[in-house]
Each structure stands twice: as C-alpha cells, then as structure tokens.
Amino acid sequence: MAKNIFPKLFPKKTEERQDPGIWGITGVVESQNLTNPSKAKKPTPQQAKKWQQSIDFLLEDPKGRAHFKKYLKTQYASENFDFWTAVDELKTKKPQGEKLKKETREIFENYISRDALYPVNINAKLRVGIEQMIEDPNTEIFDDAQKYVYRLMKDGPYMNFLQDSYFQTLIGGKG
C-alpha cells in the first residue's frame, strides 16, 4: 500500500462517525479532508449564487471547494474532487526531479492504479497512458485525466449540488 506523503491533502480512508453531521449521515466516513468541510465557513448568498454560474467559480473559491467537498462526502463521491485537487496542487507546486517522481507516484497510487486507495472513474486509455509515463513523469502527466474528471464532476455532482436543499439554504432559498 502507498505511503501517504500528503496527509492533509489525502484523507485517512475511513473512520466510524457517531455525529450525524449536517445531512444526518452516521457510520463510516472519511476522517480528514483537504478543506475541512465540517468547519467550512458559510458563504454569503451572493457568493453561493456565483457558484451557480459555473463550476469554475465554485472551484476557484475556497469556501466553494469546502462546501462542494462536504456535499460530495455525503454522496460518497469525493474521489474525483480529491484527485482533481491533488493534480491542481501538483501543478501549483511544480516539483522537479525526485520530488516530482515521488508526488506523481503518490497521486498515481492513490487514484489511478488498479489498486488505488481512492480510485477515480477514468477510462482505460487514460489509465494506460499515465502508466506508460509514470516512470519518467512531468507535471502534465495527469492533465487528460484531470480534464476527464472535471467533466464528470461538472455534468453530475456539480449539477446535483446546485439542486441540493443544503445549497438552496446557502443562496437564501428555503431548501
């Protein structure tokens, strides 16, 4: 099993949760996450309404990311978001040499490999392409997979998030 070199970025797999949380979910859930959505600050209604305009506005806003992550966790569907965020972080840091190899290997083992800890839903062609590049990676190694996952999030979870009663309360609706 891969060693987690990003403990704050990549959450522990699961823990037993007694607190029902905002959507009344108990049981086994992830215990940590990138943006700590359980403590996500409430956005202004105007801020939340901007998120409706595009998934890009949502993902560019730290509060938007936190609330979207919170929603995805309730749907047991946060892997794609976590992968997208990990790749975004990799591009921002722009590591080189052995550090690049180590970080791309970690993302690969957490999300892409056949034995991934948090497998994302990508097609075989993308997976094979990444597998072929993993020994000599660059910061663009995951670009196509990230774009694919972005489209999946945009067409599914993002649209569902906008319709969710919790989001409706954020924009000032009755929910």
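Right, let's walk through the structure included here. Values in this document were obtained by computation on a predicted structure and should not be read as measured data.

## Observations regarding the overall build of the protein chain
Of regular secondary structure, the protein chain possesses nine helices and two strands. Of the regular secondary structure in the protein chain, the N- to C-terminal order runs β-β-α-α-α-α-α-α-α-α-α. The buried share of the protein chain, taken over its 175 residues, is 45%. Here the contacts in the protein chain between residues at least 6 apart in sequence split such that 62% fall between residues at least 24 apart. Just so you have it, the protein chain exposes about 9800 Å², and 49% of that area is on carbon and sulfur atoms.

## A closer look at the environment of K101
Inspection of the secondary structure assignment puts K101 in helix α5 (residues 97–112). Judged by its relative accessible area of 35%, K101 falls in the partly exposed class. As for K101 and T139, which are separated by 38 residues in sequence, their C-alpha atoms are 9.6 Å apart.

## What to know about the pattern of salt bridges
The tally for this structure, following the rule as stated, stands at seven salt bridges. In this structure, E103 engages K99 in a salt bridge whose closest nitrogen and oxygen atoms are separated by 3.5 Å. With a gap of four residues between them, E103 and K99 both fall in helix α5, about one helical turn apart. Across the pair E135 and R105 runs a salt bridge, and its minimum N-O distance is 2.5 Å. Residue E135 is located in the loop between α6 (124–133) and α7 (143–155), and its partner R105 is located in helix α5; the two are separated by 30 residues in the primary sequence. Through salt bridges with shared partners, a single ionic network connects K93, K99 and E103.

## Points about the environment of T44
By the secondary structure assignment, T44 is in the loop between β2 (27–29) and α1 (45–53). When its relative accessible area of 39% is taken as the criterion, T44 is described as partly exposed. Counting along the chain gives 127 residues from T44 to I171, while the straight-line C-alpha distance between them is 7.5 Å. Within the structure, T44 has its side chain in polar contact with the backbone nitrogen of Q47 (distance 3.0 Å).

## Some thoughts on the nonpolar core
Burial of nonpolar side chains together is a common tendency in soluble globular proteins. Residues F68, F83, I112 and F142 are the most contacted members of the largest nonpolar core, which totals 39 residues. Of the residues forming this core, the biggest block, six residues, is contributed by helix α4 (residues 79–93). Contact partners of F142, with chain neighbours within four places excluded, come to F83, V87, L90, T104, I107, F108, I112 and I130.

## With respect to the packing of aromatic side chains
Here the structure, examined in full by the defined rule, presents eight aromatic pairs. On the numbers, 6.0 Å between centres and 35 degrees between planes, the contact of Y111 with Y118 is tilted. Residue Y111 shares its accessibility class with Y118, and that shared class is buried. One aromatic cluster is present, formed by W51, F68, Y71, F81, F161 and F167 through successive ring pairs.

Criteria and thresholds
Residues numbered from 1 in each chain as written. Predicted model: local features only at pLDDT ≥ 70, side-chain atom pairs only at ≥ 80, totals over all residues. Heavy atoms only, no water. Helix = DSSP H or I, 4+ residues; strand = E, 2+ residues; numbered from the N terminus. Buried < 20%, exposed > 50% of the residue type's maximum accessible area, 1.4 Å probe, protein only. Contact = heavy atoms within 4.5 Å. Areas by Shrake-Rupley, 256 points an atom, 1.4 Å probe, with all protein chains shown as cover. Salt bridge = Lys/Arg side-chain N within 4 Å of Asp/Glu carboxyl O. Polar contact = N/O pair within 3.5 Å; in protein donor to acceptor, adjacent residues only side chain to side chain. Core = buried A, V, L, I, M, F, W, Y, C linked by side-chain atoms within 4.5 Å. Phe/Tyr/Trp six-rings, centres within 6.5 Å; stacked < 30°, edge-to-face > 60°.

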